[in-house]
Amino acid sequence: MSKEALVEVKNLKTYFYTEEGVVKAVDGVDYEIYPGETLGIVGESGCGKSVTSLSIMRLVESPPGRIEAGEINFKGTDLTKLSEKEMRKIRGNDISMIFQEPMTSLNPVYTVGDQIIEAITLHKGVKRKEARRQAIEMLQKVGIPLPEQRVDEYPHQLSGGMRQRVMIAMALSCDPQLLIADEPTTALDVTIQAQILELMNSLKESYGMAIMMITHDLGVIAEVSDRVAVMYAGKVVEYTDVDTLFDDPKHPYTWGLMNSIPKLDKDVDRLEAIPGSVPSPLNFPEGCKFNTRCPLAKGKCYDVEPPLEDTDGGHMVRCWRYEHLEEIKKRGERIYEDRGVQK
Amino acid sequence: MEWKEILTRLIKNKLSLFGLIIILFFVLVAVFAPYLAPPRSPEDAYEIPRAGWQVEPQPPREGYLFGTAQGSYDIFYGMVWGTRTAFRIGVIVVGLSSLFGIIIGTLSAYYGGIIDEFFMRITDVFMSIPFLVAAMVLTTILGKGLDNVMIALVTFGWMGTARLMRSQVLEIKNEEFVQASIALGASDTRIIFKHIIANCIFPVLIQAFMRMGSMVITASALSFLGVGAPEGYADWGQMITFARDWILGGQGSALKYWYTVVIPGTAIMLFSLSWNLIGDAFRDILDPKLN
Ligand SMILES: Nc1ncnc2c1ncn2[C@@H]1O[C@H](COP(=O)(O)OP(=O)(O)OP(=O)(O)O)[C@@H](O)[C@H]1O
Ligand code: SF4
Ligand SMILES: [Mg+2]
């Protein structure tokens, strides 16, 4: 890419030192986020998506967690080197975050207005009256009807979708350059989900900010992402733009993920599922971490971990045998067992 | 929940309304003490005037509405000005000990680790000593007097609040809204005051109400045991102390000196009962399971 990256995560390692041992939640992750784009991060539960984002915000609970190695360059500053005080100036101002649970992400004892006003006054140094005016404006921007009235309501008076809109209003109130959204729609109904994603897409356009969208739902990825990083067991296993990923997944794991969601628009009558489950981060296997579940695993896969390799023009894949998968795909064969027939 | 709503519900509940009325009554007595029982000189208003030098208590009569206690001390005067003392002990002791408890509990839970370990060990040590004994020993060391009683009660009275606050904060600090606020760039102090304490304060308030009553009883007990207020000081505990030798009225008329016991006893009981009633009603109002 010609543009300069807004965020550049390099070899990030975040470990948790627990009584059972060292949990390598994030174990060498690399990716970039460019201004104005949406990077999707997808992977099964426990693969380290949230910990990666918390590392960027420097919100990893410590102890037991610690950023072991790596760099997080945000506009040329390595965030891992900043003091807590310097970091506070960045949080909510340059980088904002919204969470999964709109039910619990707002403080029940304050009105939504109070909470947006807090977000505004934290960084902007404006008077309360002006902050209130801006809060109402933000509520309007995120599509909340009757904002002058809603601003004085308590979170319990709002629906889940409304609360998530309020969270977005709070997160965007200081005009951040990066918005991290950790499963922002998982807790919502499907129709509300679509509305929130649409809202985020349109706000991204008007604010020109970048979004890091964390989800385990490839549908969400398809909807909002420009580029995608697929994570497995604390590492990025495939990394490319969204169209390439869906047209030509090169990693056996991505292939499995894609084939385990029903496609209503395509004439697919079989669903494939990845067998087994994610290995415990306390004892990852030797070699490729996917080898316990990968139908193509063979020889070298059990001894040496594959690097994240550029296969062609920026399509990065971490697999020794992706070319083999390519041939199988060309032959129209499957690599996973059938999970059942969809009709 | 808003304060207005809480207050409305406190008034609607018969028991807490009763409590509120009694407390209000005592507040009025305390405020208007100089009019109800004019002191001889404002400097020593807390010194109970004596009707003479008679040792034996004398029943209520003209000028001495509640009679006189052992040593001819005016019971009415002692009760009226003792109301101020009761509030002073209650508010200062409960206020300070709750404050210490809140600070220690919050710091322990919010920062965890070594800080938590340190404070909780201290709490355990303080909790292992029986409260009344500890308070008595400390008052004895510091010397007789109400101020020292209060110091002792604060010194050994904060642990309950600390534990309660700690468990509350532990619960709240992992709430997503705390995370969300940190993610917006709020500082520790802001998080603690604005988000954590505001969400944990009600159980602590309830506990404080309950303790208002019991602190006055404890302070009275210390007076009764002889380490409290100096003789003649207007304090309900002192009034009870005066009655110590006159609880039974001797041959033929066991209830002869009833006024020495019943009057201060009733005041202390009503005072602590009222705080408990309010505390109870408060808890019912705030318990989400009951709503
Ligand atoms: N505070 C912690 N202490 C110990 N281990 C932790 C802690 N937080 C996360 N982990 C571990 O780190 C690993 C990655 O967790 P993470 O929350 O990043 O997963 P995720 O990809 O976000 O999953 P999900 O889709 O369920 O949110 C998990 O194995 C988890 O158990
Ligand atoms: S490296 Fe081997 S085990 Fe790992 S994904 Fe590729 S084929 Fe499967
Ligand atoms: Mg997560």
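Residues numbered from 1 in each chain as written. Chains lettered and ligands numbered in written order. Predicted model: local features only at pLDDT ≥ 70, side-chain atom pairs only at ≥ 80, totals over all residues. Heavy atoms only, no water.

The name given to chain B in an unreviewed UniProt entry is Peptide/nickel transport system permease protein, and the organism recorded there is Halanaerobium saccharolyticum. As stated in UniProt under Sequence similarities (unreviewed entry), the record for chain B gives "Belongs to the binding-protein-dependent transport system permease family." (UniProt positions renumbered as here; feature names shortened; annotations may be inferred.)

In UniProt, chain A has this text filed under Subcellular location (unreviewed entry): "Cell membrane".

A. Looking closely at the overall build of chain B. Along its length, chain B carries 12 helices and 0 strands. Expressed along its principal axes, the backbone C-alpha trace of chain B runs to roughly 75 × 45 × 40 Å. Looking at chain B as a whole, 50% of its 291 residues are labelled buried. Here the analysis covers contacts within chain B between residues at least 6 apart in sequence; of these, 72% occur between residues at least 24 apart. A total accessible area of about 14100 Å² is found for chain B, and carbon and sulfur atoms account for 68% of it. Charged side chains of chain B number 21 positive and 22 negative; the gap between the two group centres comes to 2 Å. (Helix = DSSP H or I, 4+ residues; strand = E, 2+ residues; numbered from the N terminus. Buried < 20%, exposed > 50% of the residue type's maximum accessible area, 1.4 Å probe, protein only. Contact = heavy atoms within 4.5 Å. Areas by Shrake-Rupley, 256 points an atom, 1.4 Å probe, with all protein chains shown as cover. Lys, Arg positive; Asp, Glu negative; His and termini not counted. Charge placed at Lys NZ, Arg CZ, Asp CG, Glu CD.)

B. Representation of the UniProt feature "transmembrane region" (unreviewed entry) in chain B. As recorded in UniProt, the sites labelled "transmembrane region" (unreviewed entry) are residues 15-37, 86-113, 125-143, 191-210 and 257-278 of chain B. Helix makes up 96% of residues 86-113 of chain B and strand 0%, with an end-to-end C-alpha separation of 40 Å.

C. Layout of the environment of B:Ile89. All names here are of chain B. For Ile89, the position within the fold is in helix α4 (residues 75-111). Look at Ile89 and you get buried, because its relative accessible area is 2%. Those residues in contact with Ile89 that sit more than four places away from it in its chain are Val94, Leu146, Met150, Met215, Ala219 and Asp235.

D. How the structure looks around the sheet that holds strand β4 (residues 65-74) of chain A. Residues and elements named next belong to chain A. Spatial strand order, β2-β1-β4-β5: 4 strands in an open sheet with antiparallel pairing. Pairing within the sheet leaves two strands with one partner each, and these edge strands are β2 (21-33) and β5 (77-78). Note that strand β1 (residues 7-18) and β2 share 9 bridges and pair antiparallel. What sits directly across from Phe16, in β2, is Val23. (Pairing = 2+ DSSP bridges.)

E. Just the site of ligand 2, in detail. The immediate surroundings of ligand 2 are formed by 13 residues, with A:Cys288, A:Cys294, A:Cys301, A:Cys319 and A:Trp320 found nearest. Class assignment of the residues belonging to the shell around ligand 2 gives a composition of 10 nonpolar, 2 polar and 1 charged. (Near = heavy atom within 4 Å. Nonpolar A, V, L, I, M, F, W, Y, C, P; charged D, E, K, R; others polar.)

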